[in-house]
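Now for the letters of each chain:
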Amino acid sequence: MARFLADWARSRGIETRAIDLRSRAESSDVPAGRAAFWARIPGTGKAGGAIILLSHLDVVPVDPADTAGWGAIDPFGGVVMDGAVIGRGALDAKGALVVHLAAALRLAARATPLGRDVIVLSTPDEELGGLNGAARLLREQPELVAGAAYLLTIGGGITVGPSGVGEAPGLWEVGVAEKTPCWLELRARGTAGHAAGGSRDSAVDRLLGALARVRSLPRPVRVVPEVATLFAALAPRASAEDRAGFADLETALRDDAGFRQRFLADPARAALVRNTFAITTLRGSRQINVIPGEAAAGIDARLLPGESCADFAEATRRAANDPDIQVDVRFTFASRASPSETPLMDAIRRVAARVDPGSLVVPRVGTGASDAHWFREHGIVAYGFVPRRLRPVESRRIHGSGERISEANLQFGTDVLVSLLEELDR
Ligand SMILES: [Zn+2]
């Protein structure tokens, strides 16, 4: 795919590379065929460092049991129907890549170049955490993004009401921070044996006991500054009864029991003010009549920005309270926020006011993760924002069934992105 895109860009006179992430040293952990796509539209440099338009080449699988969700449509068939491109990746993230490419093509055709370079980058492995994609690229070939000041990627966009695309004014959500993923594995050891004797203290029994204790750990409510800013920005759109609470979230959650109850009843909101915790994998014996010597459980916790997975693992270890249970961190990264007051955010606000009068631009905190944090670590202001208007029902198709993007949205996204890049020059 990286080669296909590079050929496509080269044939249009654009400077480009397909970056082989397989052929480099110590690559045995990378499955064959991993590569990234990179292209550059040079600017004068007078306005400052480059802006990177980042997407990813990989997609999540389609659930083979979910035949009803896709109907007669082949999720990998590239189907265009009823004015929409339908298939896995239409939103996450090839629809974003198409908008980035269309914008690049238009910029390349300009008589006068922009004041900064525009880099289009699409990496593999994002859905698996980016270690073999964005992280590896930044480690091995940092010169490809040297001097970059800004980055736009998935993790934000324009949400419109339930009644249809084109409905204005929209909510322009710009991702500035993400929660910290903290993936743990609990492993219990015990004596293996014949199940006919019964079990009271086996690895499985100990694991279940520990999981019960870990599940009942308190999950205190805490309002981090990015979330306080988000809800303050949303306050004008909130219901009359919630408006004051949104404007001062920390106080309202502490002092107003009715507000607190309403707020926490919505899982998406609750996840923004406390750590979440899901037991996702369980492993024991492979055979019903055998007591296993080891039992294990995987936990996907998402921590509030600023909290450390090492501390969370230690709290889990204390709660498990069993010397025969080992708690290991399987994956984490330190979440970092980008400042929400920057020339890029100002440019987004000016474009929003022009193309969508009455719209509201808010700095969003994501509960999921993208590759943005790898670039934030390099001092790049990275925002989750793809200019497309989606109803909530459309966004929910990401990682689900019937994923699609309308052709009108691809056109709109290209127009808005080009305006945004021009506005950033001013
Ligand atoms: Zn995804």
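Owing to the predicted nature of the structure, the values given are computational and were not obtained by experimental measurement. (Residues numbered from 1 in each chain as written. Predicted model: local features only at pLDDT ≥ 70, side-chain atom pairs only at ≥ 80, totals over all residues. Heavy atoms only, no water.)

Draft legend 1. Representation of the sheet that holds strand β5 (residues 84–86) within the structure. In spatial order, the strands read β4-β5-β19; together these three strands make up an open sheet with antiparallel pairing. For this open sheet the edge positions go to β4 (79–81) and β19 (404–406), each flanked by a neighbour on one side alone. Geometrically, the sheet is characterised by an average inter-axis angle of 25° between neighbouring strands, direction not taken into account. Pairing of β5 with β19 involves three bridges; the strand directions are antiparallel. Across the sheet, the residue bridging to alanine 84 is serine 406, located in β19. The sheet contacts of helix α15 (residues 407–425) involve β4, β5 and β19, and relative to β19 the element is tilted by about 65°. (Pairing = 2+ DSSP bridges. Helix = DSSP H or I, 4+ residues; strand = E, 2+ residues; numbered from the N terminus. Axes fitted to C-alpha atoms, helices over the stretch in contact; angles between N-to-C directions. Contact = heavy atoms within 4.5 Å.)

Draft legend 2. Seen up close, helix α1 (residues 2–10). When we look at burial in α1, the residues that qualify are Ala2, Leu5, Ala6 and Ala9. Taken around the axis of α1, the buried residues stretch over an arc of 100°, which confines them to a single face. With respect to the buried face of α1, the exposed residues turned more than 90 degrees away are Arg3 and Phe4. (Buried < 20%, exposed > 50% of the residue type's maximum accessible area, 1.4 Å probe, protein only. Arc of directions from axis to C-beta.)

Draft legend 3. Fine view of the pattern of salt bridges. Following the criterion strictly, the structure yields 32 salt bridges and no others. Arginine 426 is paired through a salt bridge with glutamate 423; the nearest N and O atoms lie 3.5 Å apart. Residue classification places arginine 426 among the exposed residues on the basis of a relative accessible area of 68%. Connected via shared salt-bridge partners are Glu185, Arg187, Arg189, Arg283, Glu294, Asp328 and Arg330. (Salt bridge = Lys/Arg side-chain N within 4 Å of Asp/Glu carboxyl O.)

Draft legend 4. Main features of the side chain of lysine 179. Tracing the sequence through the fold places lysine 179 in the loop between β9 (171–178) and β10 (180–189). With no salt bridge to any partner, buried lysine 179 finds its closest opposite charge in glutamate 307, at an N-O distance of 8.8 Å. Only 2.9 Å separates the side chain of lysine 179 from the backbone oxygen of arginine 274, close enough to count as a polar contact. (Lys, Arg positive; Asp, Glu negative; His and termini not counted. Polar contact = N/O pair within 3.5 Å; in protein donor to acceptor, adjacent residues only side chain to side chain.)

Draft legend 5. Molecular detail of the state of the cysteines. As enumerated under the stated definition, the model contains one disulfide in all. Disulfide pairing is shown between cysteine 182 and cysteine 309; the S-S distance is 2.1 Å. Disulfide cysteine 182-cysteine 309: torsion about the S-S bond near 75°, hence right-handed. On the criterion of sequence distance, the pair formed by cysteine 182 in strand β10 and cysteine 309 in helix α11 (residues 309–320) is long-range, its members being 127 residues apart. Neither residue differs from the other here; cysteine 182 and cysteine 309 are each classed as buried. (Disulfide = S-S within 2.5 Å.)

Draft legend 6. Spotlight on the coordination of the zinc ion. Only Asp92 (OD), Glu127 (OE), Glu127 (OE) and His399 (NE2) from the protein coordinate the zinc ion, and they sit 1.9 to 2.6 Å from it. One can describe the site at the zinc ion as irregular: its four donor atoms subtend angles covering 55 to 147° at the metal. On the primary sequence, the residues serving as donors to the zinc ion are separated as D-x34-E-x271-H. On the criterion of sequence distance, the pair formed by aspartate 92 in the loop between β5 and α3 (94–108) and glutamate 127 in the loop between β6 (118–123) and α4 (134–140) is long-range, its members being 35 residues apart. (Donors = N, O, S within 2.8 Å, 3.2 Å for Na, K, Ca; no water. Tetrahedral: all angles 85-135°; square planar, octahedral: opposite > 155°, others 65-115°.)

Draft legend 7. Representation of the packing of aromatic side chains within the structure. Applying the stated criterion across every chain yields a total of nine aromatic pairs. Seen from their ring centres, tryptophan 172 and phenylalanine 385 are 5.7 Å apart, and the 20° between their planes marks the pair as stacked. In this pair, tryptophan 172 is assigned in strand β9 and phenylalanine 385 in the loop between β17 (381–384) and β18 (389–390), connecting sequence segments 213 residues apart. Residue class for phenylalanine 385 comes out buried when judged on its relative accessible area of 1%. A centroid spacing of 5.1 Å and a plane angle of 65° characterise the contact between phenylalanine 231 and phenylalanine 263, whose relative ring orientation is edge-to-face. (Phe/Tyr/Trp six-rings, centres within 6.5 Å; stacked < 30°, edge-to-face > 60°.)

Draft legend 8. The side chain of aspartate 125, seen in detail. Examined against the element boundaries, aspartate 125 turns out to sit in the loop between β6 and α4. Looking at aspartate 125, its side chain comes within polar contact range of the main-chain nitrogen of leucine 131, at 3.4 Å.

Draft legend 9. View of the pairing of strand β2 (residues 35–41). A large share of β2 lies buried, amounting to six of its seven residues. Relative to β6, β2 runs antiparallel, the two sharing five bridges. Within β6, the position partnered with tryptophan 38 by the bridge is leucine 121.

Draft legend 10. Spotlight on the sheet that holds β10. Spatial strand order, β12-β14-β10-β15: four strands in an open sheet with antiparallel pairing. Edge positions in the sheet fall to β12 (276–283) and β15 (325–332), since each of these pairs with one other strand and no more. The average angle at which neighbouring strand axes cross in this sheet is 20°, direction not considered. Alignment of β10 against β15, held across seven bridges, turns out to be antiparallel. By the bridge assignment, arginine 187 is partnered in β15 with glutamine 326. Its contacts with the sheet put helix α5 (residues 203–215) on β10, β12, β14 (294–303) and β15, and the angle it makes with β14 is roughly 15°. The strands touched by α11 within the sheet are β10, β12, β14 and β15, with β10 carrying the most contacts at an inclination of about 30°.

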